[in-house]
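# A look at the structure
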Amino acid sequence: MNNDQDMQKRTMLFFVAVSILMIGFAMFSSYFFPNKEQKQENQQEIVETKSAQTAQADNNSSNTTTVEKTTQTEKKTVTQSKYVSTGNFDLLLNQQRISADDLKDTVVINVPYGKIQFSKIGARVISIYLKKYNVDVIGEYSKANRIFPAEIITTNPELTKLINFSKYDFKQDGKKLVFKLEKNGISVIKTFVLNDTGELTLNIQTKGLENLGIALIDGISFGEEGSYGHSGAIIKTDKDLIKIDSDIEKEEIIRGKILWSGVENKYFMQIFANHKPLNTVHVVPVAENKTVTFVEIPPNIDGFFFGGAKLYSLLGEITEKYQKEWGVNLALRETIDFGIFGILGKPLFIILHFIYNYVHNWGLAIIILTILLRLVLFPLNHKSLKAMKKMADLAPEIEKIRKQYAKDPQKMQAEIMKLYSEAGANPMSGCLPIVAQIPIFIALYNVLMVSVELKNAPFILWIHDLSDKDPYYILPILMGLSMIAQQWITPSSDKNQKMIMYVMAGVFTFLFMNFPAGLVLYWLTNNILGIIQSFIINKQMGRYKAKK
Amino acid sequence: MKKVLISFIKFYKKAISPFFPNSCRYYPTCSEYAVQSIEKYGALKGFLKAIWRILRCNPFSKGGIDKP
């Protein structure tokens, strides 16, 4: 009875602890990683309330006007950006940009993975549409403010205008696109070459700009993919990988041997790499959570621009290609962040990817990986379950000890442990297997959260995107049921324990509802395998007993 | 430092540990062992000893009585 009450107290304490942790984390993440999606929702809500209120015409009109004001100010931040003075380099973020290019005089190139669009005004990349993900790597902000990758910024605003707001002559020669500008004694030739790997070889030759500082825009924030993962500027030097968040307040300048630079979010990135390391990168905040990255360049450059998905195999291919051509290790794969348990996460991902190459279904690959992980841990689990069964045979003796030392629980525990080690059957799996499972789970969670491979990756039937939550909550509910089933089948004498497991099943079901379907799939498979395992052991033990 | 660590472990024992199946193969349990060894050897050495104990607490060990 006393024990029951104690257990209830502990249960309460547990839920209080968990809820504090969860609320704390939610507050922490909303404070440190403000979510763009939420803001958009807010905006929509405001518009909705506005229309609802205008329908109720005479009802509190003062309220309506304030609402209107907030929508207007928010719109302003979306379409018009702040005027930013960058010292030497001026991005000229003003109305002139918008009126200079109506984005109609364009060159559209169809590629196997989607569509690339260039504007003849300024010879800039204005759209890289990826069919598979239904995503444009050049974001809304770029389009609204007409600021694009491959733009040349100089220290003379008049020349910057001339170079970016003039129409270039365009010539196409197979996969080679040549944009040419000759005006006022200045000549700029930008050559893009479409490669099979998806990156654009970019060659720029200028004349008449020798006395100025010039820079190339290679990354403009294009939005976030959920609150997880880094989004912001990213710079690779010969020494390390520098990540700069998009909510910086002042311009940041990075000097060193810069191999490449640009901007990333969880799944996609825009970067420019030069065949010879460059020296200086600027990251300039231009609007709320938006930065522009540009790198200072010599008058002539030869490199590539990549705007696309951070696919592990693709990034490896590109890295290898330029390792051969330039003799430089670009290490593009480092941009995939496998989290704090990356040491575990990376091999897990590589195995997952390896399996995928054979089965061509990420869901199936996750199931196979789970089975493999189980097999590795199986000797451990198997032994502990066997011991658990043996313990059932020892039960009468344990009961004796329990009665004998009822008043001294510590002595009781010690005696029970003694009995176990004498009988050579310890029912406990030990703390290590439980502790070891935590990093594996976290590592896999990170892998499934950051891998663009899982985005829009269908599994079977109703699941069309393993990186998103299950739309009908079928997997989480199945997972909850599997936890309950596991409790039924596992031999355990403790009633409290069973009760707690039922509660846990409920809590986990709710917790997992919004998790990526791939992760729930892992957990479900793991549970089902556990059930099968204990079923087999129960059967074998039954036989053993019968023989005896 | 000592006190902070011990209070963390005690909190774990009270609030979190009841929700995992009893799993320790030793007496005293790993968490009790951690508290005792930190008290006995200090924060750093005691903590390392506790980690070593958790590593030893696996299905291949015999278990039984093991005091810090």
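Just above sits the structure.
Residues numbered from 1 in each chain as written. Chains lettered and ligands numbered in written order. Predicted model: local features only at pLDDT ≥ 70, side-chain atom pairs only at ≥ 80, totals over all residues. Heavy atoms only, no water.

## Thoughts on the overall build of chain B
Regarding its fold elements, chain B presents three helices and two strands. N-terminal to C-terminal, the α/β element order of chain B is α-β-α-α-β. Residues counted as buried form 49% of the 68 residues belonging to chain B. In chain B, of all internal contacts separated by at least 6 residues, the share reaching a separation of at least 24 is 69%. Only carbon and sulfur atoms are counted for the fraction: they give 66% of the accessible area of chain B, which is about 3900 Å². (Helix = DSSP H or I, 4+ residues; strand = E, 2+ residues; numbered from the N terminus. Buried < 20%, exposed > 50% of the residue type's maximum accessible area, 1.4 Å probe, protein only. Contact = heavy atoms within 4.5 Å. Areas by Shrake-Rupley, 256 points an atom, 1.4 Å probe, with all protein chains shown as cover.)

## What to know about the overall build of chain A
Counting secondary structure elements, chain A contains 14 helices and 16 strands. Expressed as a percentage of the 548 residues in chain A, the buried residues total 48%. Look at the contacts in chain A between residues 6 or more apart in sequence, and 63% of them connect residues 24 or more apart. Carbon together with sulfur atoms contributes 57% to the accessible area of chain A, which is approximately 28200 Å² in total.

## Considerations on helix α2 (residues 30–41) of chain B
Residues and elements named next belong to chain B. Here α2 is 12 residues long and its end C-alpha atoms lie 16 Å apart, about the 16 Å a rise of 1.5 Å per residue gives. Those residues of α2 lying buried are Cys30, Ser31, Glu32, Tyr33, Ala34, Val35, Ser37 and Ile38. Of the residues flanking the end of α2, it is glycine 42, one or two places downstream, whose phi is positive at about 95°. (Expected span 1.5 Å × (residues − 1).)

## Some remarks on the side chain of threonine 280 of chain A
If you trace the backbone, threonine 280 of chain A turns up in strand β14 (residues 268–287). Look past the residues within four positions of threonine 280 of chain A in its chain and what remains in contact with it is Ile253, Ile254, Arg255, Ile258, Phe294, Val295 and Glu296 of chain A.

## Structural notes on a nonpolar patch on the surface
The grouping of Leu44, Phe47, Leu48, Ile51, Trp52 and Leu55 of chain B at the surface amounts to a nonpolar patch, some 620 Å² of accessible area in total. Position of isoleucine 51 of chain B relative to the elements: it lies in helix α3 (residues 43–56). (Patch = residues over 30% accessible without salt bridge, like charges linked within 9 Å, V, L, I, M, F, W, Y side chains within 5 Å. Salt bridge = Lys/Arg side-chain N within 4 Å of Asp/Glu carboxyl O.)

## Things to note about the pairing of strand β6 (residues 169–173) of chain A
Residue and element names in this part refer to chain A. For β6, a buried count of zero out of five residues is recorded, marking the element as mostly open to its surroundings. With five bridges connecting them, β6 and strand β7 (residues 176–183) associate as antiparallel partners. Considered in β7, the bridge of aspartate 169 is made with lysine 180. Turn length for the β6-β7 hairpin, with the two strands adjacent in sequence and antiparallel, is two residues, and the turn residue glycine 174 shows positive phi of about 65°. (Pairing = 2+ DSSP bridges.)

## Remarks on empty space enclosed by the protein
Residue and element names in this part refer to chain A. The final tally for this structure, using the stated rule, is four cavities of 30 Å³ or more. Taken as a whole, the largest cavity encloses approximately 100 Å³ of empty space. If you go around the largest cavity, you meet 13 residues; those closest to its centre are Ser221, Gly223, Glu224, Ser231 and Asn289. (1 Å grid on protein atoms, 1.4 Å probe; cavity = no way out; pocket = protein on both sides within 12 Å on 5 of 7 lines; lining within 4 Å. Points joined across faces, edges and corners; volume = space filled by probe spheres on them.)

## Brief notes about the pairing of strand β13 (residues 252–264) of chain A
Residues and elements named next belong to chain A. In terms of strand pairing, strand β11 (residues 232–237) meets β13 through six bridges, oriented antiparallel. Looking across to β13, one finds that glycine 232 is bridged to glutamate 264. Pairing analysis gives 10 bridges linking β13 to β14, with the strands arranged antiparallel. Across the sheet, the residue bridging to serine 261 is phenylalanine 272, located in β14. What sits between β13 and β14 in their antiparallel hairpin is a turn of three residues.

## Focus: the pattern of salt bridges
Pairing between side chains becomes possible if they bear opposite charge and their charged atoms approach one another. Residues and elements named next belong to chain A. Taken as a whole and assessed by the stated rule, the structure comprises 10 salt bridges over all chains. Linking lysine 120 and aspartate 105 is a salt bridge whose minimum nitrogen-to-oxygen distance equals 3.9 Å. With lysine 120 in the loop between β2 (114–119) and β3 (124–130) and aspartate 105 in the loop between α4 (95–100) and β1 (106–111), this residue pair connects regions lying 15 residues apart in the sequence. Using a relative accessible area of 19% as the deciding quantity, one classes lysine 120 as buried. Assessed through its relative accessible area of 24%, aspartate 105 is described here as partly exposed. Within the structure, one salt-bridge network assembled from shared partners comprises Asp105, Lys120 and Lys167.

## A few points about the nonpolar core
Residues and elements named next belong to chain A. With 54 residues, the main nonpolar core has Phe118, Val125, Phe192, Leu216 and Phe268 as its most contacted residues. For this core, the element with the highest residue contribution is β14, accounting for five residues. In contact with valine 125, other than residues within four places in its own chain, are Ile116, Gln117, Phe118, Ile138, Phe148, Pro149, Ala150, Phe192 and Leu200. (Core = buried A, V, L, I, M, F, W, Y, C linked by side-chain atoms within 4.5 Å.)

## Points about the side chain of serine 246 of chain A
With respect to the helices and strands, serine 246 of chain A occurs in the loop between β12 (241–245) and β13. Look past the residues within four positions of serine 246 of chain A in its chain and what remains in contact with it is Ser221, Ser231, Gly232, Asn289, Lys290 and Thr291 of chain A.

## Focus: the packing of aromatic side chains
Residue and element names in this part refer to chain A. Across all of its chains, the model carries 13 aromatic pairs over all chains by this definition. Between phenylalanine 170 and phenylalanine 179, the ring centres sit 5.0 Å apart and the planes meet at 40°, which makes this aromatic pair tilted. Accessibility expressed as a relative area gives 0% for phenylalanine 179, which makes it buried. Consider the rings of tyrosine 522 and tryptophan 523, whose centres lie 6.0 Å apart with planes at 45°: the pair is tilted. Its relative accessible area of 5% is what places tyrosine 522 among the buried residues. (Phe/Tyr/Trp six-rings, centres within 6.5 Å; stacked < 30°, edge-to-face > 60°.)

## Quick notes on the sheet that holds β1 of chain A
Residues and elements named next belong to chain A. Spatially, four strands are ordered β1-β2-β3-β4 in an open sheet, and the strand pairing comes out antiparallel. Of all the strands in the sheet, the pair left with one neighbour each is β1 and β4 (135–136). Sheet topology places β1 next to β2; six bridges connect them, and they run antiparallel. Paired with valine 108 across the bridge in β2 is glutamine 117.

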